[in-house]
Amino acid sequence: KILLSAACVAFLAARWTAPRFDAESLRGARVLVTGASTGIGEQMAYHYARFGAQVVITARRDKVLQKVAEECLRLGAQKALYVAADMASESDPDTVVDFALEHLGGLDYLVLNHIGPSPFSMWEGDVEHTRWLMKVNFLSYVQMAWRSLASLEQSKGSLVIVSSLLAKMPSPFVAPYASTKHALNGFFGSLYHELAMKKSNVSVSICTLGLIDTESAMDKVRGYTDVPAYPAPERAFDIIVTGATRKPELFYPWFPRALILNKEWFPSSQTTSSKTPTTTRLEF
Ligand code: NDP
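Caption draft 1: Up close: the pattern of salt bridges. A full pass over the atoms with the stated rule returns eight salt bridges. With a shortest N-O distance of 3.0 Å, D108 and R30 are connected by a salt bridge. Note that D108 is positioned in the loop between α4 (92–104) and β4 (109–112) and R30 in strand β1 (residues 30–34), a separation of 78 residues in sequence. Across the pair, R30 and D108 agree in class, each one buried. For D98, the salt bridge goes to R147, with nearest N and O atoms at 2.7 Å. Of this pair, D98 sits in helix α4 while R147 sits in helix α5 (residues 127–155), and the two are 49 residues apart along the sequence.

Structure (structure tokens):
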């Protein structure tokens, strides 16, 4: 009860002191969104478009990106360009950033959101898949952040990282995915402090999300969990507001924070045994 009350007070205090979102600030903003052919990334592209931003979107499938870019223009984007790229490649992350810098003349927002497909199953020793997923879900983020940093510094821009509750609360069946998200939180959490120490102009926002109703997520967890899934368009909007208001963190839904504190303080209350049912323990 004490933990829950403390979490409520912290939540309300954060709401009161939060900087206000100014939608006008996004008109003409130069934005690169990764993983934007489907899911949350696609929805973010549409929101930026409605705000009149200039967007570059990327993912692997050229034809799907083309359709998303057309929809962005229809919704009001000042520019909507796409570039197909595979984030497992050594060179594509740099190529995508260079494309955005060249065609937009710089960047105000780098929104890193893509993830490679990963099975929802017990880890049975597939080291190669884990290595590949680290490249896609983590190393490409690091590479793109570095490539964009000088431009973001000039524009007083923002780095937005889409992460997961699994970076805070590992659950069964997602070991490679959870490890990539832990790596993201560790790296960008550290970078946030280093940029502050350097009095950098660049803000870093880490967005920690619970289960969202994207097709790929729902396909995986159907039959395994009764955790409610939150709608992708709303969460995409929250991510955009978090970046635009330069907040260091988005945590949605907010209540698992209390569970995480409980886990840190009372680790024995959270052990999983072979008898633990799998249906209610899974978190995202
Ligand atoms: P989706 O699976 O819907 O989208 C993933 C995107 O990444 C697609 O655009 C896909 O396009 C692209 N992608 C996949 N592999 C590659 C690759 N090798 N190179 C480049 N792009 C690639 O994901 P969600 O929208 O569900 O998730 C978006 C973000 O939100 C992720 O960071 C995820 O971890 C996070 N999140 C999602 C939750 C959820 O429940 N949905 C919960 C918590 C966090 P293409 O296939 O065309 O390449």
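Picking up where we left off.
Caption draft 2: Structural context of the sheet that holds β4. Read across the sheet, seven strands follow the order β3-β2-β1-β4-β5-β6-β7 without closing on themselves; strand pairing throughout is parallel. At either margin of the open sheet sits one strand with a lone partner, and together these are β3 (79–84) and β7 (249–252). This sheet shows a mean twist of 15° between the axes of neighbouring strands, independent of strand direction. Note that strand β6 (residues 203–209) and β7 share four bridges and pair parallel. Looking at the pairing, C207 lines up with L250 of β7. Packed on one face of the sheet, α5 meets β1, β4 and β5 (158–164) and runs near 160° to β4.

The rules we used
Positions within a chain are numbered from 1, following the residues in the order the chain's sequence is written. Confidence filtering applies because this is a predicted model: local features only for residues at pLDDT of at least 70, side-chain atom pairs given and counted only at 80 or more, and all residues used for totals across whole chains, interfaces and linings. Heavy atoms from the whole structure form the basis of all side-chain values; hydrogens and water molecules are not counted. Here, a salt bridge means any Lys or Arg side-chain nitrogen found within 4 Å of an Asp or Glu carboxyl oxygen. Going along the chain from the N terminus, every DSSP run of H or I of four or more residues is numbered as a helix, and every run of E of two or more is numbered as a strand. Each residue is assigned to one of three classes by its accessible area relative to the maximum for its type, calculated with a 1.4 Å probe on protein chains only: buried under 20%, partly exposed between the two thresholds, exposed over 50%. Whether two strands pair depends on DSSP finding at least two bridges between them. A fitted line through C-alpha atoms serves as each axis, taken over the contacting stretch for helices, and the angle formed by two N-to-C directions is quoted from 0 to 180°. By the convention used here, residues are in contact when the closest approach between their heavy atoms is within 4.5 Å.

That is the geometry; function is a separate question.
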